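# A look at the structure
Listed below, chain by chain, are the residues.
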Amino acid sequence: MASRFPFIKQEDSMQCGIACLQMICTYYGQHYSNGFISTFCHATTEGISLLGICKAATFLGFKSQPTTVR
């Protein structure tokens, strides 16, 4: 039976990427605050870029491979 994927609510509408990374980290047993993760995502008032999410994921020990949909 698969373990349940954790839910972490984002603090505001610009932190969806941070909340997603927190959920992934928590699922794999790594517990980080959104403040800690946000220091690696370079969040702006417009949110977080895919590049920022990938760099943060790599720093946290994950392999990320963004792809484009055509």
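The structure we're discussing is the one just above.
These numbers come from a predicted model, not from an experiment.

## Here we look at the nonpolar core
Of all hydrophobic cores here, the largest spans ten residues; its members are I18, L21, C25, I37, C41, I48, A56, A57, L60 and F62. Taken together, the elements giving at least two residues each to this core come down to α1 (16–27), α2 (34–41) and α3 (50–59). Considering each element in turn, this core owes the most residues, three residues, to α1. Ignoring any residue separated from it by four or fewer positions in sequence, one finds F62 in contact with I24, C25, Y28, Q30 and A57.

## Considerations on the packing of aromatic side chains
Evaluation of the coordinates by the stated rule reveals six aromatic pairs. Of the aromatic side chains, those joined through ring pairs into one cluster are F5, Y27, Y28 and F62.

## Focus: the side chain of N34
As for its position among the elements, N34 is in helix α2. Polar side-chain contacts of N34 include one of 2.6 Å to the side chain of E11. Those residues within four positions of N34 in sequence are excluded, and the remaining contacts are E11, Q15, I18 and Q22.

## Here's the deal with the environment of F59
In this fold, F59 is placed in helix α3. As a C-alpha pair, F59 and I37 span 22 residues in sequence and 9.6 Å in three-dimensional space. Contact partners of F59, with chain neighbours within four places excluded, come to F36 and F40.

## Some details on the packing of α1 against α2
Running from N to C, α1 and α2 cross one another at 120°; their axes reach a closest spacing of 9 Å. It follows that α1 is oblique to α2 by the angle criterion. Like other packed secondary-structure pairs, α1 and α2 cross with a definite hand, here right-handed. Counting all contacts with α1, which are made through I18, L21 and Q22, the residues of α2 involved are N34, I37, S38 and C41. Here the contact of α1 with α2 is built from residues that sort into four nonpolar, three polar and no charged.

Reading guide: rules and limits
- Along every chain, residues carry numbers that run from 1 in the direction the sequence is written.
- Only residues with pLDDT of 70 or above have their local features reported here, since the model is predicted, and side-chain atom pairs are shown and tallied only from 80 upward, although totals for entire chains, interfaces and linings are computed over all residues.
- Each side-chain value is derived from all of the structure's non-hydrogen atoms; neither hydrogens nor water enter the calculation.
- The nonpolar core is taken to be a set of buried Ala, Val, Leu, Ile, Met, Phe, Trp, Tyr and Cys residues, with the residues joined through side-chain atoms within 4.5 Å.
- The buried label goes to any residue with under 20% of its type's maximum accessible area, the exposed label to any with over 50%, and the partly exposed label to all in between, with areas taken from a 1.4 Å probe on protein chains only.
- Under the DSSP-based scheme used, a helix requires at least four consecutive residues in state H or I and a strand at least two consecutive residues in state E, with every element numbered from the N terminus.
- We call two residues in contact when some of their heavy atoms are within 4.5 Å.
- Think of it this way: a Phe, Tyr or Trp ring, Trp meaning its six-membered ring, pairs with another when their centres are within 6.5 Å, and the plane angle makes it stacked under 30 degrees, edge-to-face over 60, tilted otherwise.
- We call two N or O atoms a polar contact when they sit within 3.5 Å, provided that within protein one can donate a hydrogen and the other can accept it, with sequence-adjacent residues counted only if both atoms are side-chain atoms.
- Every axis in this analysis is a line fitted to C-alpha atoms, fitted for helices over the stretch in contact. Angles between the N-to-C directions lie between 0 and 180 degrees.
- Our angle categories are set so that under 35 degrees counts as roughly parallel, over 145 as roughly antiparallel, 65 to 115 as roughly perpendicular, and the remainder as oblique.
- Two helices crossing with the near one rotated counterclockwise from the far one by less than a right angle form a left-handed crossing, whereas a clockwise rotation gives a right-handed crossing.
- Residues were grouped as follows: Ala, Val, Leu, Ile, Met, Phe, Trp, Tyr, Cys and Pro as nonpolar; Asp, Glu, Lys and Arg as charged; and all remaining residues, including Gly, as polar.

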